[in-house]
Amino acid sequence: MALPPEPMPNDPGIGAISDLGPPVKITQTRASYAWIGLVISIVAGIFLLIFIVQNSETAQVDLLFWDLQVPLGVALLIASVLGALITAIVGGVRIVQIRRAAKRM
């Protein structure tokens, strides 16, 4: 069994890591948060698609004057999207109120 060759004094192989100094702290950026959000959205979309395909039974939906026959998965998807839209609108209005109040100060 042969031993590995001895490193040369200027060889950047073995001792180079300790010669670099203290480690640099890498901070999170907006782009990294966007990538994380994109990956989470793709995974959530895949689960949502599986859910819709598995819940394809027709459901009766009655809302005020409308009577609809839609697949259960689609009905729940529409309900969740409408809930998210209402939440986003209310949150957006509140953000505008806070910004206006901050400008007056």
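As a reminder, the structure under discussion sits directly above these lines.
Residues numbered from 1 in each chain as written. Predicted model: local features only at pLDDT ≥ 70, side-chain atom pairs only at ≥ 80, totals over all residues. Heavy atoms only, no water.

Student: Describe in detail the overall build of the protein chain, supporting the description with residues and values.
Tutor: Scanning the protein chain for helices and strands turns up two helices and two strands. The helix and strand sequence of the protein chain, counted from the amino end, reads α-β-β-α. In the protein chain, which comprises 105 residues, the proportion classed as buried is 6%. For the protein chain, the exposed surface amounts to about 9900 Å²; the carbon and sulfur share of it is 71%. (Helix = DSSP H or I, 4+ residues; strand = E, 2+ residues; numbered from the N terminus. Buried < 20%, exposed > 50% of the residue type's maximum accessible area, 1.4 Å probe, protein only. Areas by Shrake-Rupley, 256 points an atom, 1.4 Å probe, with all protein chains shown as cover.)

Student: Please set out the packing of helix α1 (residues 30-54) against helix α2 (residues 72-104) residue by residue, giving values where relevant.
Tutor: Across the interface, α1 lies against α2 with an axial gap of 7 Å and an inter-helix angle of 140°. Of the possible angle classes, the one that applies to α1 and α2 is oblique. The residues of α2 that touch α1, namely those facing L48, F51 and I52, are G73, V74, L76 and L77. When the residues that make up the contact of α1 with α2 are grouped by side-chain class, the tally is six nonpolar, one polar and no charged. (Axes fitted to C-alpha atoms, helices over the stretch in contact; angles between N-to-C directions. Parallel < 35°, antiparallel > 145°, perpendicular 65-115°, else oblique. Contact = heavy atoms within 4.5 Å. Nonpolar A, V, L, I, M, F, W, Y, C, P; charged D, E, K, R; others polar.)

Student: How would you summarise the pairing of strand β1 (residues 58-63) if you had to cite specific residues and measurements?
Tutor: Inspection of the sheet shows β1 paired to strand β2 (residues 66-71) by six bridges, in the antiparallel sense. Across the sheet, V61 pairs through a bridge with L68, a residue of β2. (Pairing = 2+ DSSP bridges.)

Student: Requested: an account of a positive patch on the surface, with residues and values cited.
Tutor: On the surface, R99, R100, K103 and R104 cluster together into a positively charged patch. Mapped onto the elements of the fold, K103 is located in helix α2. (Patch = residues over 30% accessible without salt bridge, like charges linked within 9 Å, V, L, I, M, F, W, Y side chains within 5 Å. Salt bridge = Lys/Arg side-chain N within 4 Å of Asp/Glu carboxyl O. Lys, Arg positive; Asp, Glu negative; His and termini not counted. Charge placed at Lys NZ, Arg CZ, Asp CG, Glu CD.)

Student: Kindly report on the layout of surface pockets, identifying the contributing residues and their values.
Tutor: Approximately 190 Å³ is the volume attributed to the largest pocket. Elements with a minimum of two residues in the lining of the largest pocket: β1, β2 and α2. Considering every element that reaches the lining of the largest pocket, the biggest residue donor is α2, with four residues. Class assignment of the residues belonging to the lining of the largest pocket gives a composition of nine nonpolar, no polar and no charged. (1 Å grid on protein atoms, 1.4 Å probe; cavity = no way out; pocket = protein on both sides within 12 Å on 5 of 7 lines; lining within 4 Å. Points joined across faces, edges and corners; volume = space filled by probe spheres on them.)

Student: Can you lay out the side chain of N55 for me, pointing to particular residues and giving the numbers?
Tutor: For N55, the location among the structural elements is in the loop between α1 and β1. When its relative accessible area of 18% is taken as the criterion, N55 is described as buried. From its side chain, N55 meets the backbone oxygen of F51 in a polar contact 2.9 Å long. In contact with N55, not counting residues within four places along its chain, are P71, L72 and G73. (Polar contact = N/O pair within 3.5 Å; in protein donor to acceptor, adjacent residues only side chain to side chain.)

Student: Can you break down a nonpolar patch on the surface residue by residue, with the values?
Tutor: Together, W35, L38, V39, I42, V43, I46, F47 and I50 make up a nonpolar patch on the protein surface, roughly 810 Å² of accessible area in all. Counting through the fold element by element, I50 comes out in helix α1. The class of I50 is partly exposed, set by a relative accessible area of 40%.

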